[in-house]
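Take a look at the letters that make up each chain.
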Amino acid sequence: MLLLGSSALHAPLRAAVAAAAGAISCGAGQRLLARGLSRSAGAAAAAGQQAAAKAAANEAPAPVPAVSVTVNGRRVSVPRGSTILDAVEAAKIQIPTLCKLPGRYTPGTCRVCMVDVNGVHKAACCTPAVEGSFVTTDTPAVREYVRGLLGLLRANHPEDCMTCDVNGRCEFQTLITRYQVPMLPKVKANSPDYREQSSHFAAHDVTSPAISLDRDKCIKCGRCVETCQDVQKMNVLGWFARGRERHIGFMLDSDAAVSACISCGQCVSVCPVGALSESTHWRSVLELLETKHKVVVVQTAPAVRVALGEELGLPPGTVATGQLVAALKALGFDHVFDTDFSADLTIMEEGTELLGRIKGGAGAGPLPLFTSCCPGWVNLLEQEYPEFIPHLSSCKSPQQMLGAIVKEIWAPRAGLKPEDVAVVSVMPCTAKKGEAARPEMRVGAGGPHGGAPHGGGAAAAEGVAEEGAAGEEGAEEGGSRHVDYVLTTRELGRMMRLKGIPGTLPPQPYDSPMGVGTGAAVLFGNSGGVTEAAVRTLYELTTGKPMPHLEFEAVRGLQGIKEASVVLPSDGGEREVRIAVVNGIANARKLLDAMRKGTGPKFDFVEVMTCIGGCIGGGGQPKSRDADILSKRMQAVYDIDASAPLRASHNNPEVTELYKTALGQPNSARAHELLHTRYAARLKH
């Protein structure tokens, strides 16, 4: 098998893919510049690619136009089109911000980044940097303005910090403390007409299994709306009403449950307060651990080990695998298993399914085969693109595979009933909470369509909308869940801080069985990781030879859509397998819309992750203002893989043992019963 895009022989293809991604990034950068804002991180990366290309051709890159600005007496140069905030940051000076996010457009709504520009007070985030400007950030008038504005925001904010889930991790709370903002009379307590006018939108929306919205805590910064509309292109969150009645709400100003929300949680990850948060499970998990009524098993996703350290004050990208296991055992979990194990299991099942579809035959399913690891992506297909459900792999996600193995194989072997065991997952994702609550993910639910060979078949696309709609109501019937509780990385960090467990405990190993994972499994945390892991296994299983170069560079990185090819032996000849790797739901829409129109390239295998960067950028990961946070986490994942003793999923000895003693072989009837599922159209309008 030849790997196109993974060796020096195929540099032209890699350059073409990079150029295509660069063109997309440049377009985004130009749109930002047109709005008087700084160039996005994506445009900067594209500019770097262009400069490298010119250097390779012995051409000197064109100089970037710059402007000179003086900030607090320091003279700095920033690219033309930058903002005053860019200049302030270039001068290594800190000023408060609430609505601005690194590398993204800002509406300038919060106004707390006020500075003095040539004697005039202006918001730094949306004011263009002009040649010769003099900026002062710390005049008494500026500080008083900022303190007064924060005071007005506090007057509209509840004083429940001690019980708020973001206590100690709240940007607004930090600014209130830093500027010593006094408590002013609460607006709602002293304005009956305001209470009456705002009562219809002040409810706490907890109808979603994944996220909750508390409008009383909202400071109307607009980050969530911009992320939902401009970054993810979901257009679920928006502004409603005007004046002091203006508020954030879901589509048609309704509940989250009836909206088209896919539970990706990106709105939660950018909220500076506790207005948007994950539906928390950590209190219930603590009660389980403290009462000891059940055997409590926990599993940890690949992306958690490279992000948990941020919750504990460690540098971004710190690998804390052993410390993570030690902390979970210190919290009182009876068994700590690794979701890497079931990620390897996923490759065995999904890779076999892909080969079956390529060969064709009755019930094989259509191409391209879509990955099904990401529940946000699955939600999008079921809700908005149901005609593509047959393309979804019938494989459960690694989270649900491990839950099924624990409840239906491990527990009986340990002399336990499934209901005597509680399975907890630590995930980088909010949508995993909704996935665990699906009625198909329960003990005794069986495989796709009662054991049919493929879960995403034509029957799923034709009807069964009723089954999807009834899922929430029937969640407590028909056996216990395979995964009982899902914690985000942030929730685990909160539990550790509450219990006083440091992140510097001596490292401990995972428990066996289900404690061994390969480097390929860790790659599931990054965009392109599922594809890279699959290629490693397919190469060796189809050629009988070890893969000479394990790194599949063509699918690595943060580009929105990446393309590559592999050539597999097929029926005595060769078969080119065309691959697309997509991250960010906005990019997934581009792919699906092109498929609807019958335009664009044809693919055989498509990996989609809802969040930018993949699971490392999941909606349940620690919040960060570091513009390079995804790159740091991604590199940490690659470092784990590079140093792993086992780097291909089919070499995992515990996976091999599971097939030998319980499953038979990949895609067997027993494997389908436990490890595969079904999908249904759940249209929302």
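Predicted model only: the values in this text are computed from it and were never measured.

Quick notes on the overall build of the protein
Broken down by element type, the protein carries 24 helices and 19 strands. Of all 685 residues assigned to the protein, the portion counted as buried reaches 56%. Of all intrachain contacts in the protein linking residues separated by at least 6 positions in sequence, the fraction that spans at least 24 positions is 75%. Total accessible area computed for the protein in this model is approximately 27,200 Å², and 56% of it derives from carbon and sulfur atoms.

Describing helix α20 (residues 529-543)
Between its terminal C-alpha atoms α20 stretches 21 Å, which fits the 21 Å expected from 15 residues at 1.5 Å a residue. Extensive coverage of α20 is indicated by the burial of 11 of its 15 residues. Taken together, the buried positions of α20 are Gly-529, Val-530, Thr-531, Glu-532, Ala-533, Ala-534, Val-535, Arg-536, Thr-537, Leu-538 and Tyr-539. With its phi angle positive at about 75°, Gly-544 sits one or two positions after the end of α20.

Looking at the sheet that holds strand β16 (residues 485-488)
As summarised here, the arrangement of the 4 strands in space is β13-β12-β15-β16, forming an open sheet in which the pairing is parallel. The sheet is open, and its two borders are formed by β13 (335-338) and β16, each paired with just one other strand. Neighbouring strand axes in the sheet, compared pairwise and without regard to direction, differ in orientation by 25° on average. Of the strand pairs in this sheet, strand β12 (residues 295-300) and strand β15 (residues 421-427) are connected by 6 bridges, and their pairing is parallel.

Points about the nonpolar core
Val-71, Leu-98, Leu-150 and Trp-377 are the most contacted members of the largest nonpolar core, which totals 92 residues. By residue number, the principal contributor to this core is helix α4 (residues 140-155), which donates 5 residues. Excluding residues that lie within four positions of it along the chain, Val-71 makes contacts with Val-76, Ala-87, Val-88, Ala-91, Ile-93, Val-135 and Thr-137.

A word on the sheet that holds strand β8 (residues 211-214)
Taken in spatial order, the 3 strands of this open sheet run β7-β8-β11, and their pairing is antiparallel. Among the strands making up the open sheet, the edge pair consists of β7 (204-205) and β11 (276-278). In the sheet, β8 pairs with β11 via 3 bridges, with the strands oriented antiparallel. Residue Leu-213 lies in a different strand from β11, and its bridge partner there is Leu-276.

Structural notes on the packing of aromatic side chains
One pass over the structure, following the stated rule, counts 4 aromatic pairs. Members of the aromatic cluster, joined through ring pairs, are Phe-370, Trp-377, Tyr-385 and Phe-388. The ring of Trp-239 carries the charged tip of Arg-246 above its face, separated from the ring centre by 3.8 Å. Just above the ring of Tyr-638 sits the side chain of Arg-556; from NZ or CZ to the centre is 3.9 Å.

A look at unusual backbone geometry
Omega for the peptide link from Leu-367 to Pro-368 comes to 5°, which places this bond in the cis form. Here Pro-368 is to be found in the loop between α12 (339-359) and β14 (369-370). Ser-512 connects to Pro-513 through a cis peptide bond whose omega is 0°. Turning to its location among the elements, Pro-513 is positioned in the loop between α18 (489-498) and α19 (519-522). Although it is not a glycine, Asn-118 adopts a positive phi angle of roughly 55°. Take Asn-118: it is sitting in the loop between β4 (114-117) and β5 (120-123).

Focus: the UniProt feature "domain: 4Fe-4S His(Cys)3-ligated-type" (unreviewed entry) in the protein
Mapped onto this structure's residue numbering, the UniProt feature "domain: 4Fe-4S His(Cys)3-ligated-type" (unreviewed entry) falls at residues 141-180. With 57% helix and 0% strand, the stretch residues 141-180 has end C-alpha atoms that lie 16 Å from each other.

Structural notes on empty space enclosed by the protein
Enumeration according to the criterion identifies 5 cavities of 30 Å³ or more in this entry. A volume near 280 Å³ is recorded for the largest cavity. Lining the largest cavity are 25 residues, with Cys-373, Pro-428, Lys-432, Met-609 and Cys-615 sitting closest to its centre. When contributions to the lining of the largest cavity are tallied by element, the ones reaching two or more residues are α12, α13 (375-384), α14 (398-413) and α15 (431-436). In terms of residue class, the lining of the largest cavity is made up of 17 nonpolar, 7 polar and 1 charged. Taken together, 17 residues line the second largest cavity, and the ones lying closest to its centre are Cys-228, Val-236, Cys-261, Cys-264 and Cys-267. Of all the secondary structure elements, the ones that give two or more residues to the lining of the second largest cavity are α7 (223-231) and α8 (266-270). The element best represented in the lining of the second largest cavity is α7, accounting for 3 residues. Each residue belonging to the lining of the second largest cavity can be placed in one class, and the counts come to 12 nonpolar, 5 polar and no charged.

Cut-offs used in this document
- Residues numbered from 1 in each chain as written.
- Predicted model: local features only at pLDDT ≥ 70, side-chain atom pairs only at ≥ 80, totals over all residues.
- Heavy atoms only, no water.
- Helix = DSSP H or I, 4+ residues; strand = E, 2+ residues; numbered from the N terminus.
- Buried < 20%, exposed > 50% of the residue type's maximum accessible area, 1.4 Å probe, protein only.
- Contact = heavy atoms within 4.5 Å.
- Areas by Shrake-Rupley, 256 points an atom, 1.4 Å probe, with all protein chains shown as cover.
- Expected span 1.5 Å × (residues − 1).
- Pairing = 2+ DSSP bridges.
- Axes fitted to C-alpha atoms, helices over the stretch in contact; angles between N-to-C directions.
- Core = buried A, V, L, I, M, F, W, Y, C linked by side-chain atoms within 4.5 Å.
- Phe/Tyr/Trp six-rings, centres within 6.5 Å; stacked < 30°, edge-to-face > 60°.
- Lys NZ or Arg CZ within 6 Å of the ring centre and 35° of its normal.
- UniProt positions renumbered as here; feature names shortened; annotations may be inferred.
- 1 Å grid on protein atoms, 1.4 Å probe; cavity = no way out; pocket = protein on both sides within 12 Å on 5 of 7 lines; lining within 4 Å.
- Points joined across faces, edges and corners; volume = space filled by probe spheres on them.
- Nonpolar A, V, L, I, M, F, W, Y, C, P; charged D, E, K, R; others polar.

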